[in-house]
Amino acid sequence: MTTDDPGTRRNDDADWDRWPVPTYLAENYRELHISDDAVIAHHSAVYRGLDPDGLARVVEIGAGPNLYPLFLASGAARRIDAVDRSAAGLDYLRSQLADGPDPSWRPFWRRCRELNPHLPPTMADALARVHVRRGDAFGLGGSDYDAASMHFVAESVTEDRDEFRAFCAAFAGTVRPGGLLIAAFMEGMGRYRLGDGSQWPGVPVDTADVEAAFRTSTADLCTSRIDADPGLPSYGYTGMVLLHARRRPSSGR
């Protein structure tokens with residue numbers, strides 16, 4: 001992957017199959033950070049309002065190697081599709097399903113289950129609901145999932161603001177009218193560098209940008225913000241924006 005191109009880089013310009021999973025996990029998910037806890041608390045409050053096993057099909061867009069969104073969804077979903085376009089990310093997910101999750105995920109699991117007792121009894125039970133598939137939001141347009149979640153994806157795969165908005169619209173379009181949307185975004189982060197030296201496209205967004213990207217396609221749109229986590233690599237970001245909403249009914253009401 002070329003990292004010296006000064007031009008605007010789009011999603012298709014990055015070699016996602018070579019996403020450095022071990023580096024990314026070491027920098028972000030080998031311990032439960034303050035920001036993780038805030039995201040888990042936000043999402044758990046939404047999922048607790050749903051009936052256990054009340055959602056037939058849920059999709060996690062850009063699942064990558066992050067397991068805690070799958071844990072969270074298992075409190076309401078009978079089936080969870082973990083969708084990613086990265087071969088490296090998919091390989092990691094499949095290994096976690098086949099061999100059991102890494103021990104580092106246990107604190108995440110405990111926190112998820114503490115905040116939502118609807119979760120299955122064990123991590124293995126939760127992950128038994130997960131099905132891994134290759135793809136992205138653009139390929140799932142017109143789907144009829146009951147809910148969709150997305151974590152640090154739309155703003156972290158492109159430097160093109162129009163493509164960011166298109167990705168958000170495609171994400172919203174993966175659920176049926178009235179379907180639930182849950183998401184988290186890095187605030188203020190442009191092109192970013194991981195510890196192995198690789199650089200990846202990113203577009204700086206804030207709460208207003210996120211709300212604008214979803215305003216026409218959703219109802220009951222709620223956002224909140226948390227500060228940057230000092231325990232994480234800076235990546236140039238300034239905080240995180242959390243969202244939950246419902247896809248607007250086809251009638252527009």
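Quick note: structure is the one above.
Let us look at the structure shown here. (Residues numbered from 1 in each chain as written. Predicted model: local features only at pLDDT ≥ 70, side-chain atom pairs only at ≥ 80, totals over all residues. Heavy atoms only, no water.)

### Let's talk about the environment of glutamate 60
In this fold, glutamate 60 is placed in strand 1 (residues 58-61). Each C-alpha atom, one on glutamate 60 and one on alanine 148, is 5.8 Å from the other, the two residues being 88 residues apart in sequence. Setting aside residues no more than four positions away along its own chain, glutamate 60 makes contact with Pro69, Leu70, Asp81, Ala82, Val83, Ser149, Met150 and His151. (Helix = DSSP H or I, 4+ residues; strand = E, 2+ residues; numbered from the N terminus. Contact = heavy atoms within 4.5 Å.)

### What about the nonpolar core?
Residues Tyr68, Phe71, Trp105, Met150, Phe164, Phe185 and Phe214 are the most contacted members of the largest nonpolar core, which totals 83 residues. Top element by residues in this core is strand 5 (residues 175-187). It accounts for eight residues. With residues near it in sequence (within four places) discarded, tyrosine 68 still touches Tyr29, Asp36, Val39, Ile40, Trp105, Phe108, Cys112 and Phe152. (Core = buried A, V, L, I, M, F, W, Y, C linked by side-chain atoms within 4.5 Å. Buried < 20%, exposed > 50% of the residue type's maximum accessible area, 1.4 Å probe, protein only.)

### What about empty space enclosed by the protein?
Taken as a whole and assessed by the stated rule, the structure comprises one cavity of 30 Å³ or more. By volume, the largest cavity is sized at about 540 Å³. At the level of elements, helix 1 (21-28), helix 2 (34-47), strand 1 and strand 2 (80-84) are the ones that each hand at least two residues to the lining of the largest cavity. The element best represented in the lining of the largest cavity is helix 2, accounting for three residues. Its residues assigned to classes, the lining of the largest cavity comprises 21 nonpolar, ten polar and five charged. (1 Å grid on protein atoms, 1.4 Å probe; cavity = no way out; pocket = protein on both sides within 12 Å on 5 of 7 lines; lining within 4 Å. Points joined across faces, edges and corners; volume = space filled by probe spheres on them. Nonpolar A, V, L, I, M, F, W, Y, C, P; charged D, E, K, R; others polar.)

### Quick word on the pairing of strand 9 (residues 239-247)
With eight bridges joining them, strand 5 and strand 9 adopt antiparallel strand pairing. Considered in strand 9, the bridge of alanine 184 is made with leucine 242. Relative to strand 9, strand 8 (residues 218-227) runs antiparallel, the two sharing eight bridges. Residue pairing for strand 9: isoleucine 226 is matched across the bridge by methionine 240. (Pairing = 2+ DSSP bridges.)

### Structural notes on helix 5 (residues 106-115)
Turning to helix 5, its buried residues number three or more, namely Phe108, Trp109, Arg111, Cys112 and Leu115. The buried side chains of helix 5 occupy one side of the element, clustering within an arc of 165° when seen end-on. Exposed and oriented more than 90 degrees from the buried face of helix 5 are Arg110 and Glu114. In the core, the buried residues of helix 5 are packed alongside helix 2, helix 3 (68-73) and helix 6 (123-127). (Arc of directions from axis to C-beta.)

### Quick notes on the environment of tyrosine 145
On the secondary structure map, tyrosine 145 appears in strand 4 (residues 145-151). Spatially, the C-alpha atom of tyrosine 145 lies 9.6 Å from that of isoleucine 80, the residues being 65 residues apart in sequence. If near-sequence neighbours (up to four positions away) are discounted, tyrosine 145 is found in contact with Arg57, Val58, Val59, Asp81, Arg133, Thr174, Val175 and Arg176.

### Quick word on the pattern of salt bridges
In this structure the tally under the stated criterion is 20 salt bridges. For arginine 225, the salt bridge is made with glutamate 187, and the minimal N-O distance between the two is 2.8 Å. Of this pair, arginine 225 sits in strand 8 while glutamate 187 sits in strand 5, and the two are 38 residues apart along the sequence. Overall, the relative accessible area of 8% leaves glutamate 187 in the buried class. (Salt bridge = Lys/Arg side-chain N within 4 Å of Asp/Glu carboxyl O.)

### Things to note about the packing of helix 7 (residues 161-172) against helix 8 (residues 207-214)
The geometry of helix 7 relative to helix 8 is characterised by a closest axis approach of 9 Å and an angle of 55° between their N-to-C directions. Comparing their axes, helix 8 and helix 7 come out oblique. The way helix 7 lies across helix 8 gives a crossing that is right-handed. Mapping the contact onto sequence places Arg161, Phe164, Arg165, Cys168, Phe171 and Ala172 in helix 7 and Asp209, Val210, Ala213 and Phe214 in helix 8. Partitioned by chemical class, the residues of the contact of helix 7 with helix 8 number seven nonpolar, no polar and three charged. (Axes fitted to C-alpha atoms, helices over the stretch in contact; angles between N-to-C directions. Parallel < 35°, antiparallel > 145°, perpendicular 65-115°, else oblique. Left-handed = near helix turned anticlockwise from the far one by under 90°.)

### Here's the deal with the sheet that holds strand 4
Here we have seven strands laid out as an open sheet, ordered 3-2-1-4-5-9-8, and mixed in their pairing. Looking at which strands have only one partner, the edges of the open sheet turn out to be strand 3 (130-134) and strand 8. Mean inter-strand twist for the sheet, computed between neighbouring axes without regard to direction, equals 15°. Across four bridges, the pairing between strand 1 and strand 4 is parallel. By the bridge assignment, isoleucine 61 is partnered in strand 4 with methionine 150. Helix 2 contacts strand 4, strand 5, strand 8 and strand 9 of the sheet and is inclined by roughly 15° relative to strand 9. Each of strand 1, strand 4, strand 5 and strand 9 is contacted by helix 7, which is oriented at about 140° to strand 5, the strand it contacts most.

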